[in-house]
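# Structural description and commentary
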Amino acid sequence: MLITTQLGSQSEDDTDSAYAWNRLHTLCTRAWLEDLVYKPYYHRTGYVMAASSDPAHAALLKDIKGHEHEYQSVNSAEEFRNTMPKGVLTGDFEGWRGFAKQSGAGWVFAKGAIIAAKTEAENLGVHFITGQKGNATELLFSDGAQSEALGKEKHDGPGILEGVETADGTIHKADTTILASGANADFLLDFKSQLRPTAWTLAHIRMTPSEAELYKNLPVLFNIEKGFFMEPSAETHELKICDEHPGYINPIYSQTAEDDRTAVKGRGGKIIGSRPFAKHQIPLEAEARVRCFLRETMPHLASRPFSFARICWDADTPDRMPVVDWYPSSRPGKRNFLLAVGGSGHSFKTMQAMGQVVREFLEGRVDERTRRAFRWRPETAVDRNWWDVQDRWGADGKVMDINDIQGWTRIGD
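Okay, so let's go over this structure. (Residues numbered from 1 in each chain as written. Predicted model: local features only at pLDDT ≥ 70, side-chain atom pairs only at ≥ 80, totals over all residues. Heavy atoms only, no water.)

## Some thoughts on the overall build of the protein
Inclusion rule: By the criteria applied, helices consist of DSSP H or I runs no shorter than four residues and strands consist of E runs no shorter than two, each listed in order from the N terminus. Throughout, exposure labels follow a simple rule: accessible area from a 1.4 Å probe, protein chains only, divided by the maximum for the residue type, with under 20% read as buried, over 50% as exposed, and the rest as partly exposed. Contact definition: two residues touch when any of their heavy atoms are within 4.5 Å. Per-residue accessibility takes into account occlusion by the displayed protein chains alone, with areas from the Shrake-Rupley method and a 1.4 Å probe.
Counting its secondary structure elements, the protein contains nine helices and 21 strands. Evaluated residue by residue, the protein yields a buried proportion of 49% over its 413 residues. A fraction of 72% describes how many contacts in the protein between residues 6 or more apart in sequence connect residues 24 or more apart. Total accessible area on the protein stands at roughly 20,200 Å², and carbon and sulfur atoms take up 50% of it.

## As for the nonpolar core
The following threshold applies: Residues belong to a common nonpolar core when they are buried Ala, Val, Leu, Ile, Met, Phe, Trp, Tyr or Cys residues joined through side-chain atoms within 4.5 Å.
Counting 39 residues, the largest nonpolar core has Tyr215, Leu221 and Phe229 as its most contacted members. Counting only elements with at least two residues in this core, the list comes to strand 3 (47–51), helix 3 (77–81), strand 11 (196–206), strand 14 (238–243), helix 7 (284–297) and strand 18 (306–316). Setting aside anything within four residues of it in sequence, one finds Leu221 in contact with Val48, Phe80, Met84, Leu89, Phe93, Trp96, Gly227, Phe228, Phe229, Phe293 and Thr297. Grouped together as the second largest cluster of nonpolar side chains are 25 residues, Ala31, Trp32, Ala353 and Phe361 included.

## Here we look at the environment of Gly46
Within the secondary structure layout, Gly46 lies in the loop between strand 2 (42–43) and strand 3. The class for Gly46 is buried, based on a relative accessible area of 0%. Contacts of Gly46, omitting those with residues within four sequence positions, involve Lys101, Gln102, Ser103, Ala105, Gly106, Pro219 and Val220.

## Structural notes on the pairing of strand 14
Threshold: Each pair of strands is called paired provided DSSP finds at least two bridges between the two strands.
Burial runs high along strand 14: five of the six residues are buried. Direction of pairing for strand 11 relative to strand 14: antiparallel, over a ladder of five bridges. Within strand 14, the residue paired with Arg206 across the bridge is Glu238. Here strand 13 (residues 227–230) runs beside strand 14; their pairing, made up of four bridges, is antiparallel. Residue pairing for strand 14: Phe228 is matched across the bridge by Cys242.

## Concerning the packing of aromatic side chains
The description of an aromatic ring pair uses the distance of the two centres, along with the angle that the planes make with each other. Cut-off, in case you're wondering: A pair of Phe, Tyr and Trp rings is counted when the ring centres sit within 6.5 Å of each other, with Trp represented by its six-membered ring. The angle between the planes then sorts it: under 30 degrees is stacked, over 60 is edge-to-face, the rest tilted. A ring is considered to have a charge above it if a Lys NZ or an Arg CZ atom is located within 6 Å of its centre and within 35 degrees of its normal.
Counted according to the given criterion, the structure contains 16 aromatic pairs. Between Tyr71 and Phe99 the ring centres are 4.8 Å apart and the planes differ by 70 degrees, which places this aromatic pair in the edge-to-face class. One end of the pair, Tyr71, is in the loop between helix 2 (54–63) and strand 4 (72–74); the other, Phe99, is in strand 5 (residues 97–101), with 28 residues separating them in the sequence. With respect to burial, Tyr71 and Phe99 carry one shared label: buried. Taking the centre distance of 5.2 Å and the plane angle of 70 degrees together, the rings of Phe222 and Phe228 count as edge-to-face. Comparing Phe222 with Phe228 shows no difference in burial state: the two are buried. Members of the aromatic cluster, each reached through a chain of ring pairs, are Phe141, Phe191, Tyr327, Phe337 and Trp376. Over the aromatic face of Tyr71 sits the side chain of Lys101, whose NZ or CZ is 5.7 Å from the ring centroid.

## Considering unusual backbone geometry
One non-glycine residue, Phe93, lies in positive phi territory at about 50 degrees. Relative to the assigned elements, Phe93 resides in the loop between helix 3 and strand 5. Here Phe93 falls in the buried class, since its relative accessible area comes to 3%. At Lys192, a position not held by glycine, the phi torsion is positive, near 55 degrees. On the accessibility criterion, Lys192 (46% relative accessible area) is partly exposed.

## Considering the side chain of Thr198
To keep things clear, this is the line we draw: Side-chain atoms alone can form a polar contact between residues adjacent in sequence; in general such a contact is a pair of N or O atoms within 3.5 Å, and within protein one must be able to donate a hydrogen while the other accepts it.
Following the sequence through the fold, Thr198 ends up in strand 11. In terms of polar contacts, Thr198 uses its side chain to reach the backbone carbonyl oxygen of Arg196, at 2.9 Å. Residues in contact with Thr198, not counting those within four places in the same chain, are Pro246, Gly247, Tyr248, Ile249, Cys312, Trp313, Asp314 and Asp316.

## Some thoughts on the packing of helix 1 (residues 16–34) against helix 8 (residues 351–362)
In plain terms, the rule: Structural elements are reduced to axes, namely lines fitted to C-alpha atoms, with helices fitted over the stretch in contact, and the angle between N-to-C directions of any two is expressed from 0 to 180 degrees. Any angle that falls under 35 degrees is termed roughly parallel, while one over 145 is termed roughly antiparallel, one within 65 to 115 roughly perpendicular, and all others oblique. Should the near helix be turned anticlockwise from the far one by less than a right angle, the crossing is termed left-handed; should it be turned clockwise, right-handed. Basically, the charged four are Asp, Glu, Lys and Arg, the nonpolar ten are Ala, Val, Leu, Ile, Met, Phe, Trp, Tyr, Cys and Pro, and anything else, Gly included, counts as polar.
Closest axis-to-axis distance for the helix 1/helix 8 pair is 7 Å, and the angle between their directions is 120 degrees. Looking at the two axes, helix 1 sits oblique to helix 8. Note on packing geometry: the crossing formed by helix 1 with helix 8 is right-handed. Residue-level inspection shows Arg23, Leu24, Leu27, Cys28, Ala31 and Trp32 of helix 1 in contact with helix 8, the latter providing Met351, Gln352, Ala353, Met354, Gln356, Val357 and Glu360. Here the contact of helix 1 with helix 8 is built from residues that sort into nine nonpolar, two polar and two charged.

## Considerations on the side chain of Lys101
In this structure, Lys101 sits in strand 5. Under the relative-accessibility criterion, Lys101 is labelled buried at 8%.

## Things to note about the sheet that holds strand 8 (residues 160–166)
Read from one edge of the open sheet, three strands run 7-8-9, paired in antiparallel fashion. Of all the strands in the sheet, the pair left with one neighbour each is strand 7 (136–142) and strand 9 (171–172). With six bridges joining them, strand 7 and strand 8 adopt antiparallel strand pairing. Across the sheet, residue Leu139 finds its bridge partner in strand 8, namely Val164.

## Quick word on the pattern of salt bridges
When their charged atoms lie close together, side chains carrying opposite charge are able to pair. Heads up, the rule is: When a carboxyl oxygen of Asp or Glu lies within 4 Å of a side-chain nitrogen of Lys or Arg, that pair is called a salt bridge.
Taken as a whole, this structure holds 23 salt bridges when the rule is applied. Its salt-bridge partner being Arg375, residue Glu379 comes within 2.8 Å of it at the nearest N-O pair. One salt-bridge network, in which partners are shared between bridges, spans Asp16, Glu368, Arg369, Arg371 and Arg372.

Pasting the structure below:
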């Protein structure tokens, strides 16, 4: 995971969204640099950013406007190859233009950071329930009627949350419940189109121990239209490559009423959502994009077999800002159901900051500007464009329908 670590600046002149984002960025930067739970997993290697088309290159330059002096221009194949030790980058980099920065960014060993966070939570008294016993399948609401399982009738809402049912039939009750289930949150609650589960693709290539040694402590190379890679895992010697694109969705169509959440899947009605699913393979077209990226950067690896691949989901909001707020029916009375969803591609790198914001909500001390920026806001998703690329590049500049793919990799077959 690419992480930039520069403290954000907050101003009274900022919009609420800019203020809240800069605050998140400041909090998570401090955590990656200073917190003993996370610091060991952040590698401050710097980064090389690039683009291949004029519009994408212009977008890159816009991102660093006013700070150009902090970056080194990288525009030729030789300049790109010289950003890393000899033998790492061997491609022609045709059409690539960009810049390099030796500080302020790097990469995170994501698995290690997540395990460390889980271990710290357990040390503080958190108990994790996993498998079928921890697979939440239904939220149980009440408007005052008695029900079969809780002594209350089940509702899709509104009402006060009374419990959560898991796949094994257990009903879990709590004084306060936090829904933070990422792209799967839309299975449990009608978010009024605020969440669009979107998938991205990644693959691993296994390196030899000597190759892995050569690839240690490398800056992250990221072409915003082609993809990126990070140095091999110290544990498995696998090189991680992601092809860059605006994402895949698995659209669900309504063929009856516009608000029918149980719509028949087909292509004759209005899109009312996207449904994630797990798969440890990637579309063949994604494999082709990964290998294209390798041919342009490291052609000596371009034909090497993949050792691992998978699709990864996150939930995009229309403005790519998270939804952290009390569920509307919690507000008039008992505030017992908090939402923390809509990572929009930012959820991992800002996880410590999001935890801080969740804590502020629970303690009743969240500042008003953050609250407004992260509020429950279905008005932003009215007549949502489900195909919006949301300032992302690659793959012909389109969000793709995962049902249109022509085949999947068969790694391990």
